[in-house]
Structure formats: structure tokens, C-alpha cells
Amino acid sequence: VSDEQINNIKAENLFLRALAYFDLVRVYAQPYGYIKEKGLTGVEAMGVPIVLKDDLSARPSRNTVAEVYENLIIPDLVEAERLMSDSYVRAGVKDVVATVTKPVIQALMARVYLHHEDWQLAADYATKVIKNGRFRLLSGDRFVSMWDGSVDVAPQSGSEIIFEVYVSQSDGSRSDLGDYLTAPEVAGGAGYGDVRVSNDLIDLYDATDVRLTGLTKTNSKYPGYRWSTKFPGKNGLLAYNNVPVLRISEMYLIRSEAIYRGATVSGVTAIDDLNRVATNRNAEAYATVTLDNLFEESRKEFLFEGHVFFDMKRLQKSLVRTDYDLDPLTKNIDFPSYRWALPIPENDILYNDNMDQNPGY
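Residues numbered from 1 in each chain as written. Predicted model: local features only at pLDDT ≥ 70, side-chain atom pairs only at ≥ 80, totals over all residues. Heavy atoms only, no water.

Brief notes about the overall build of the protein
Right, on to step 1. Within the protein, the secondary structure is distributed over 14 helices and 4 strands.
Right, on to step 2. Relative to a compact globule of 361 residues, whose C-alpha radius of gyration would be 21 Å, the protein shows 21 Å and is just as compact.
Right, on to step 3. Across its three principal axes, the protein shows a C-alpha extent of roughly 55 × 55 × 45 Å.
Right, on to step 4. Each of the 361 residues in the protein was classed as buried or not, and the buried ones make up 49%.
Right, on to step 5. For the protein, the share of sequence-separated contacts (at least 6 apart) that also reach a separation of at least 24 residues comes to 64%.
Right, on to step 6. On the protein, roughly 17,400 Å² of surface is accessible, and the fraction owed to carbon and sulfur atoms is 50%. (Helix = DSSP H or I, 4+ residues; strand = E, 2+ residues; numbered from the N terminus. Rg over C-alpha atoms; globule rule 2.2 N^0.38 Å. Buried < 20%, exposed > 50% of the residue type's maximum accessible area, 1.4 Å probe, protein only. Contact = heavy atoms within 4.5 Å. Areas by Shrake-Rupley, 256 points an atom, 1.4 Å probe, with all protein chains shown as cover.)

Right, here's the structure in full:
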């Protein structure tokens, strides 16, 4: 075993730890920018405990959100990028974009730096991924077919997907996304239809937008509703779908926002990057770059990919729901609100005297 091989494995694990902590701190804490802007301290500024060694007797307290970013997530990713070989791809994988490579690390760094409000670094790392050459935006039918696996989207063919979670029946794993998101009683298998596309989101799409025409579907039994077709399953089994984590379109939107907020990239403008995504999807070009336009484009682009909640938190946007007829007490959630930081699970509170619960719960 060579030092290079050991370094590559260590880099993969540093990436995975950073990704896990990044998701934890985004779920269980208020957003970094809001804490910094308001000068919050105490429990309101708390993230999650930083744990770097096994100790079953330990009862760790929570580190601040800033400490989680600056003492773990960012250093882990910087070290992972330094350690990993440029050409490394884990051998024997079933899905090459489901393994950690250097551009995967750099793509997560772009996202992390955006949330940490390091605008120039966010732009720089998004640019590294864009210039890498392994990934490119797909258009029209090729973009639609990417989701059902009927086109080759491996990096050598020009992939939209930078990193995804590979799911297969033979591995005994399943995502169940197709079951919940697919319309009931449709050709190719009946989904549960539990989650449909909200009408206020449908209204944002241009009539020619391939994300509407190619990746949503109506059902004659439920007129006026649309369901996503992003997760159609494998071999007719809706439970088995790969789960995209990082895509190249996000790098363009990250760079657009970073430039809008003051970063500079030679030969690149914020409006060009924003419209590169929009027009590629056969939607009308934007006239200007605003945070609202960037949020709207992200919402349309990453439908059911898990972005909108974190985008709203980061941009300090209140949740105002129009297509909603459930509990009126939870219909709208203002920002700021304690509800943007989810409650620490009860067991973690019961078994750890040093674990403070988030305010409001």
C-alpha cells in the first residue's frame, strides 16, 4: 500500500465527515450568516458537538456554528483537497460519480464557502469545478433522460452529476423517493403520490421549461395536480433511485451569487452564469441578477433535491405557503424564528446532561 493510496482514502473520509457535519449544522442550528449578522451568543449560536475520537463515556457539549465551520468542516475539506490525487477514482465502484474525487471535494467546498459567506472562495471553487471539464450542463431530452438512466452520464461523457448516492436492490439499499414522489396509478408502476409539486412552484416555470414539461407529470384522476418524474426507479422498481448530492448547475448558481455579492472571476459575469442555467432549460433569460431571482432559479432547478429549505434559511427568507390546506399554525414560518433550527432529538438530551436543547422546544 502506497502513501498516495492511504492519502486518497483519508481524503475520502475527511470529505464524508465534513459533509455529515455540514448537514448536521444546517439542520440543527440557525444559519451562520444570521448568527454573525446579529451577533448572537449562547444557545442561539450553538451548532453541534465536534467529536474527533471514540469515547462512549463522553458527554460532549455543543460547539458554536462558527466553530463547526472553522474548526472542522472547512479544515477537513482543505486537507482532503490537499491529500487527494488529481486523477483518483476509487477502483471497482458501480457508479463512478458515486465516489469521492477531487472535483467532488471542490464542489462541496464551493457550497460550504457560500454558506460561510466567503464569496470569493465560493466563486473560486465553483470555477475550479466548472473548468475541470468532466461535467457539463445537458439540454432538452438528454437532461430529462439523465434521471432515468437512459443516457450515459458518466464524467467521460459529460455529466451533470458531480456526486450522488448510489442505490441498488442488490446492495440491499433503497431510497423510496420514487414511491413517495410518483403519481398514483401511472404507467410503469403506481407511486404513493404522497408529495406533489405545489401550484405556486408550477406557476414559476415558463411553459417551455424542460423542468416542467419533461420532469413533471399530470394524472387524469387528480386534475390540476402535478407530480415529479425525477425519481422513476430502476428496472420498474420505484424504490431504487440514485440520489444526487452535487450537480454542475449548482456551481454556476453559486458563482453567480458570489459574483453578485462582490467576488470577481475573470471573463465571467453574474448574469451570464444565472442565464446559462435558465436558458439551458429552455426558460426565458433573466434581465437582472437579484437574490430573489437566484432563489427562484434554484427552486426550479433543484425541485425535490433538498435545497429549498437550506436556501431559505441562508437567505433569511420567511416561508409563506399559498398552496397549503393543513395546520394553519404551521402554514407560514417567519424569519427569524426558532423553528428554523430543528429540535435536538430527545434521546440526545436525555442521555447527555451537557446537551442544550434549541430555544423554543
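There's more to say after this.
Notes on a nonpolar patch on the surface
Right, on to step 1. A surface patch of nonpolar side chains, about 280 Å² in accessible area, is lined by Tyr 180, Tyr 192 and Val 195.
Right, on to step 2. Structurally, the position occupied by Tyr 192 is in the loop between α7 (177-181) and α8 (199-202). (Patch = residues over 30% accessible without salt bridge, like charges linked within 9 Å, V, L, I, M, F, W, Y side chains within 5 Å. Salt bridge = Lys/Arg side-chain N within 4 Å of Asp/Glu carboxyl O.)

So, the packing of helix α10 (residues 248-260) against helix α11 (residues 270-280)
Right, on to step 1. Axis separation between α10 and α11 bottoms out at 8 Å; the angle between their running directions is 155°. For the element pair α10 / α11, the angle class is roughly antiparallel. The element α10 and its partner α11 pack so that their crossing is left-handed. Counting all contacts with α10, which are made through Ser 249, Tyr 252, Leu 253, Arg 255, Ser 256, Ile 259 and Tyr 260, the residues of α11 involved are Ala 270, Asp 273, Leu 274, Arg 276 and Val 277.
Right, on to step 2. Its residues assigned to classes, the contact of α10 with α11 shows 7 nonpolar, 2 polar and 3 charged. (Axes fitted to C-alpha atoms, helices over the stretch in contact; angles between N-to-C directions. Parallel < 35°, antiparallel > 145°, perpendicular 65-115°, else oblique. Left-handed = near helix turned anticlockwise from the far one by under 90°. Nonpolar A, V, L, I, M, F, W, Y, C, P; charged D, E, K, R; others polar.)

Structural notes on unusual backbone geometry
Right, on to step 1. Phe 335 connects to Pro 336 through a cis peptide bond whose omega is 5°.
Right, on to step 2. Structurally, the position occupied by Pro 336 is in the loop between α13 (308-314) and α14 (346-350).
Right, on to step 3. Here Asn 282, not a glycine, exhibits a phi torsion of approximately 65°, which is positive.
Right, on to step 4. Inspection of the secondary structure puts Asn 282 in the loop between α11 and α12 (291-301).

What to know about the side chain of His 307
Right, on to step 1. Relative to the assigned elements, His 307 resides in the loop between α12 and α13.
Right, on to step 2. Contact partners of His 307, with chain neighbours within four places excluded, come to Arg 111, Glu 250, Ser 298 and Phe 302.

Describing the pattern of salt bridges
Note on pairing: side chains with opposite charge can pair once their charged atoms come close.
Right, on to step 1. Here the structure, examined in full by the defined rule, presents 29 salt bridges.
Right, on to step 2. When the shortest N-O distance is used, the salt bridge between Asp 171 and Lys 94 registers 2.8 Å. Remark: Lys 94 occurs in the loop between α3 (65-83) and α4 (102-115) and Asp 171 occurs in the loop between β1 (161-165) and α7; sequence separation between them is 77 residues.
Right, on to step 3. With a relative accessible area of 54%, Lys 94 lands in the exposed category.
Right, on to step 4. Several salt bridges share partner residues, and in doing so they unite Glu 160, Asp 209, Arg 211, Lys 230, Arg 247, Arg 281, Glu 296, Glu 297, Lys 300, Glu 301 and Glu 305 into one network.

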